[in-house]
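# Close look at the chain arrangement
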Amino acid sequence: MEATTDTVLDGLADAERKALARCRHAVLGARRPLRLDCGVDLGPYRVAYQTYGSLNADRSNAVLICHALTLDQFVAEQHPVTGKEGWWDSLVGPGKVLDPARYFIICINVLGGCMGTTGPLALDPATGRPWNLRFPVVTVADMVRAQAELLDHLGIPDLFCVIGGSMGGMQVLEWAASYPRRVFTAVPIACAARHSAQNIAFHEVGRQAIMADPEWKSGDYRQHGTVPARGLSVARMTAHITYLSEQALQRKFGRALQDRDALGFGFDADFQVESYLRHQGSTFVERFDANSYLYITRAMDYFDLASAHGGVLANAFKGSPTRFCLFSFTSDWLFPTRESREIVHALNAVAANVSFVEIDSDKGHDAFLLDEPEMFRTLAGFLKGAATVRGLKDTP
Amino acid sequence: MNAIRVDLQLIADMVEPATRALDVGCGDGSLLAYLVNSKRVDARGMELSQAGVNACVANGLSVIQGDADADLRDYPDDAFDYVILSQTLQATREPREVLRQMLRVGKRAIVSFPNFAHWHVRLRLVFGGRMPETPSLPYKWYDTPNIHLCSIDDFRGLCRDMGLAIERAIVLDRNSTPINLPPLLANLLGEQAVFMLRRG
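Residues numbered from 1 in each chain as written. Chains lettered and ligands numbered in written order. Predicted model: local features only at pLDDT ≥ 70, side-chain atom pairs only at ≥ 80, totals over all residues.

What follows covers the domain arrangement of chain A. Residue and element names in this part refer to chain A. Taken domain by domain, chain A consists of domain 1 (2-194 + 306-390) and domain 2 (199-298). Between the C-alpha centres of domain 1 and domain 2 there is a distance of 25 Å. Residue-level contacts link 27 residues of domain 1 with 20 residues of domain 2. Here the side of domain 1 that touches domain 2 is built from residues that sort into 15 nonpolar, 9 polar and 3 charged. (Domains from an automatic or database assignment. Contact = placed C-beta atoms within 7 Å. Nonpolar A, V, L, I, M, F, W, Y, C, P; charged D, E, K, R; others polar.)

What follows is the structure, given as C-alpha cells:
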C-alpha cells in the first residue's frame, strides 16, 4: 500500500499539495479497482478527506458531509489555498448544529476533484502522464462509490447522517439509494433527483467557455505551462449568476456604478455587478482546475436517479429505512422547490420517513451556504429527534 | 408528558401502541408528538402551512407540506395502520375522495369534525338568520376554510353510501366531554364527533 501511495502522490498541482498537507488521504483501489459507470476500472486512486471530532465507541456518530461542485473537504477551517474561512462554518463547529464534540464529521473531496482526490490532474498509472481529458468521465454514483470505499477503509459501518447541498444533495440521494442500510438519516438540501435541461445548458456554456480558451490546449494546459484563466473565469461568472436570486442581485448592486460617477461609454466594468462577477471569476481560477470543472459539471449533468431505477424515482427508495429531511429555498431557481417536492412525492410513494422544509429566503441557491437560522433550527430539531431514535448520547 | 387537547387525546386513545400512523393536517404536531413519545407510534404528519411544518420538524417530527386533497394519493396502499384527519374534513375540496384515499392508504381512518347540526348552529341560523359562528366554527361566511360542513348524521350517511364500517363513534359536547346519547339527540347536542372507520 505504501509504495502505491508514493506513485499516487506524484505530479501534484500546487493547490493539491497545499490541500494534502492539511488533510488526510487514503489510496484505494490498488487491489480491487473502482468500476466506474463508464465501464473503466480506476485504481489505484487517491481520496483526500478531512475529519472533525472523533468516532464514538459503537461507531454510531459518523456524519458525512457531501460537498458541492466547486467546494471541497475544508468545511470548517481556514482554506489552505484561499485562506478563506470554512464554507460551512455556519453549520459545523463547536456549539453549532453539527458539533464535533458530538459527531465524527467527514468530508471527502469528490472523485474528479482538484483538492487532493484523484481527478484529471492526477497521473494515469498506465502512462505516468497526467490524465487531463483522458481521465474517465465520472458520475455522482462513482463519487459515492469511492466515498463508500473510504468508509470501508476507515472501518465506519454506517452513517448517522449524510448531508449536502446542491451536488452534495445529489450525492446524499445517491447514498440513500445505493446504500440504504448505511444511511440512518439523509439530508439533501437545495438539489434535485436529476439535472434539468436548463441546468445542463448553463453547464454547457461554462464548459464551452473553457474549451474556447486558446490556453486550454485540448486539456493539456499544464504541460504547455498555460492556464485557461479567461475561459474558467467566464464559466464561473455564468454559474455564479445562477447561484443568486434576481432580488439578491438587485439588492446588492442595483445599477450602482463601480469607482465612477458616470457611465464610461466603454467596456470596462462600469457597473458594480460586473466588477463583482469579474472578481468572482478571477479568484476562482486561483483555486480551481479547469479540467476538473469540466468533469464535475458533467457528473451533475449525468445525474438522473430515476433513470437508474427503471424510470421510476420511487424505486430508488423502495423499502428504505432511512429518515429523510429535505430542504429547499423559496428563491432558488437553479434547484427550485418543485424539484425537492418531486423527491418527496417519490419518498411518499414508498411510505418512507420524510420531512420536507422550505425555507423562505431571497438569497437564491447560495442560501444553503449562508446564515439561515430557520434552516439551522429545523435541521437541529430533525437531527435531535433522529439521534434519540438512534440512541446517540450527547457526548461520544 | 404534556397534556393534549381532549379531542386529540380521544384520537390518540384509539391508536394502538407501536403502530404506523399518518396525521393529515397535523397543525403544530401536538398529536404527533404524543403518539411518538407516549405510544411509540411511527407517526408522520402532513400540514398545509409551511410555518407549521417547520415548527414540527424543529421538534423532531417527520412532517411534510401537503394537503389531504392532493397528496394522499402519493402513498401506497396499506402504508399505515391509521390515517388521521382531525378537524379538517370539512375544509377539503372532495371529502368523499379524501375518505376513500385515507382508507386506501390506511387500514383504519380516524376522522373528527364539527357537527353542523348542533343546536347552537341551528339556533343561529333559524332565529338569527345569519351564517352560524360558534366556538368550533369561528369564521365569517366569507373567510371560512370550511367549505364542506356536515352533520353527524350526514357523515354516517356518507359512510353508509361508501360502504365503510364505523368501528367507533364518539360524540363530544361543548366542553369536549364525550356524551352517550341516541343518534337523533347526539346529532342535536354533539358539538363535534370522532369516528374510527375501516373498509366495509
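Two measures define how a pair of helices packs: the angle their axes make with one another and the distance between the axes. All names here are of chain A. Their axes nearest at 9 Å, the elements helix α3 (residues 140-154) and helix α4 (residues 167-178) cross at an angle of 65°. Comparing the axis directions of α3 and α4 gives the class roughly perpendicular. Between α3 and α4 lies a crossing of right-handed hand. Two secondary-structure elements touch here, α3 through Val-140, Ala-141, Met-143 and Val-144 and α4 through Met-170, Gln-171, Glu-174, Trp-175 and Ser-178. Within the contact of α3 with α4, the residues separate by chemical class into 6 nonpolar, 2 polar and 1 charged. (Axes fitted to C-alpha atoms, helices over the stretch in contact; angles between N-to-C directions. Helix = DSSP H or I, 4+ residues; strand = E, 2+ residues; numbered from the N terminus. Parallel < 35°, antiparallel > 145°, perpendicular 65-115°, else oblique. Left-handed = near helix turned anticlockwise from the far one by under 90°.)

All names here are of chain A. Note that Val-162 resides in strand β7 (residues 159-165). Here Val-162 falls in the buried class, since 31 other C-beta atoms lie within 10 Å of it. Separated by 113 residues in the primary sequence, Val-162 and Tyr-49 place their C-alpha atoms 15 Å from one another. Among residues more than four places away in sequence, those in contact with Val-162 are Leu-64, Cys-66, Val-172, Trp-175, Val-183 and Ala-186. (Buried ≥ 20, exposed ≤ 12 C-beta atoms within 10 Å, placed from the backbone.)

Residue and element names in this part refer to chain B. The 8 strands are arranged β3-β2-β1-β4-β5-β8-β6-β7 in an open sheet whose pairing can be described as mixed. Here the strands that pair on one side only, and so sit at the sheet edges, are β3 (62-65) and β7 (178-179). Direction of pairing for strand β2 (residues 42-47) relative to β3: parallel, over a ladder of 4 bridges. Within β3, the position partnered with Gly-45 by the bridge is Val-63. Contacts between helix α3 (residues 50-58) and the sheet are confined to β2 and β3, with β3 contributing the most and set at about 165° to the helix. (Pairing = 2+ DSSP bridges.)

All names here are of chain B. In terms of residue burial, strand β8 (residues 192-199) counts as a mostly covered element, since 6 of its 8 residues are buried. In terms of strand pairing, strand β6 (residues 164-172) meets β8 through 8 bridges, oriented antiparallel. Considered in β8, the bridge of Arg-168 is made with Met-196.

Interface size, as often reported, equals the accessible area lost upon joining of the parts. With 21 residues of chain A at the interface, the matching set in chain B holds 17 residues. Contributing elements (two or more residues each) for the side of chain A that touches chain B: β9 (323-329), α11 (337-349), β10 (353-359) and α12 (373-390) of chain A. Ranked by residues supplied to the side of chain A that touches chain B, first place goes to α12 of chain A with 7 residues. In terms of residue class, the side of chain A that touches chain B is made up of 9 nonpolar, 7 polar and 5 charged.

Attention now goes to the nonpolar core. In this structure, Val-63 and Val-162 of chain A together with Leu-35 and Val-83 of chain B are the most contacted members of the largest nonpolar core, which totals 187 residues. Per-element accounting of this core gives the leading share, 8 residues, to helix α10 (residues 290-302) of chain A. When residues of this core are assigned to domains, at least three fall in each of domain 1 (2-194 + 306-390) and domain 2 (199-298) of chain A. In this view, Leu-35 of chain B contacts Ala-12, Val-15, Ala-21, Val-41 and Ala-43 of chain B; residues no more than four positions away in its chain are not counted. (Core = buried A, V, L, I, M, F, W, Y, C linked by C-beta atoms within 7 Å.)

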